[in-house]
Amino acid sequence: MSPTWNSRTRLIVGILLGLTLIAAVLLIRSIWTNLIIAALMAIVAGPIIEFLHTRLRLRRGIATLFTYIGFLLTVILLPIIFLAFMASLVELSFNLAEVMVEARDIAIVLLERFRAIDIFGIQIDLSDLVDPTIAALESLSLRDLLPSADDIVAFVSSVVGTTAGLALKGLGLIISALIALFFTFSYAVYISSDGGSLVAGFRKLIPPAYQFEISTLARRIGEVWHSYIIGQLGVMVVLGLVTWFVAWLLGLPQPLALGVMAGVLEIIPTLGPILAAIPAIFIALFQGSSRFDIPNILFAIIVGIAYLMIQELEDLVLTPQIQGKAVELPPLIVIISVTVGFHSFGFLGAIITVPVVATAKEIFLYLHAKVLQQNPYPNENTRPVMLATLPQPDTLES
């Protein structure tokens, strides 16, 4: 056996290995987003693959293939369904001129109520300001409200002139998105199918005296991410049901479709609820309510306010309570984490910040116990535990 290295040599080699690892992580920073999304997909796919493998007796490779084919079809079909739903709005039987005239009439009625206002018993006459405004609105005709044929022709010519350049840019973006989608799915498939080998290789690097603690820590972190995914799905389901109920209560057409759309789009932080509200407001504006006899434009405003209240319910109640309990974080920490994640790293940051904070909490508690020379997991069984909920090498081919 070769002589052992002294402490100084081990320190130098350890530092070099650490720097090499940091350099490798920085080298692949351009695909961090793809890897994170792939890891989240693998976490979601894990229980489905396990069900197909253990309950339906499919080979793990076939189960993995079927699961990701389902994911791919979902990714492809959801935008198509959304676009078809939006396209159906164009075919709604509405008259744009009538909507604009209705808006003008509502504005006139509101202005007439403010010819004179009473503030603490003092009458203020605003007729000099209101009357000319009302006269100007009343003088507007449909020709004034709608663009002329010349304006439409000029607009179409301008659009046609810029279409070629936009088409080329759009084609480039589509190609880039398809390439990113292909590699993301490839990463996810490899994580699901070969993750056990990676875990086994990592376990070999851990000294035997620390294998139980590190394995327990890794398992707890895996449970955090799994619980977060389940919590996010719970938020999507609850939000979809609330949106469906509110849409039905207000008399919006197609409330079930609106609820499903709101639940699915909830996966996109901040932007998702806005995208879900757009078709609802359009439907309210052009079709009105089947339950209340109110002007369409007023109904559209009410629908917009309702969606805003649903968004506040999601931000202040659903996300903190459901996801907070899932990852064992206080609601305030969840709200702060999502806000900081969105402002610092965009949509992806808002999605993964909560489980990242929960992961940091687990690591901090482990290090805190080690610094105090305490057992970090006194209530855990001393049997070996797996590092994560990934297939193990001996089951990959079963």
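Use the structure listed above.
Remember, predicted model here, so these are calculated numbers, not experimental data. (Residues numbered from 1 in each chain as written. Predicted model: local features only at pLDDT ≥ 70, side-chain atom pairs only at ≥ 80, totals over all residues. Heavy atoms only, no water.)

J.: When you look at the environment of isoleucine 206 in this model, what are you seeing that I'm missing?
T.: With respect to the element layout, isoleucine 206 can be found in the loop between helix H7 (149-204) and helix H8 (211-250). Ignoring sequence-local partners within four residues, the contact set of isoleucine 206 consists of Gln211 and Ile214. (Helix = DSSP H or I, 4+ residues; strand = E, 2+ residues; numbered from the N terminus. Contact = heavy atoms within 4.5 Å.)

J.: What is the right way to read the packing of aromatic side chains from this model?
T.: The geometry of an aromatic ring pair is captured by the separation of the ring centres together with the interplanar angle, meaning the angle of the planes. Considering all chains together, one arrives at six aromatic pairs under this definition. With a centroid separation of 5.5 Å and 80 degrees between ring planes, the pair formed by tyrosine 68 and phenylalanine 71 is classed as edge-to-face. Of the two residues, tyrosine 68 and phenylalanine 71 are both situated in helix H3 (residues 60-90); the distance of three residues between them amounts to about one turn of the helix. The exposure classification of tyrosine 68 matches that of phenylalanine 71, with both residues buried. Taking the centre distance of 6.0 Å and the plane angle of 35 degrees together, the rings of phenylalanine 245 and tryptophan 248 count as tilted. On the criterion of helical spacing, the pair formed by phenylalanine 245 and tryptophan 248 is a turn pair, its members being three residues apart in helix H8. Residue classification places phenylalanine 245 among the partly exposed positions, given a relative accessible area of 40%. Aromatic rings pair up to connect Tyr68, Phe71 and Phe185 into one cluster. (Phe/Tyr/Trp six-rings, centres within 6.5 Å; stacked < 30°, edge-to-face > 60°. Buried < 20%, exposed > 50% of the residue type's maximum accessible area, 1.4 Å probe, protein only.)

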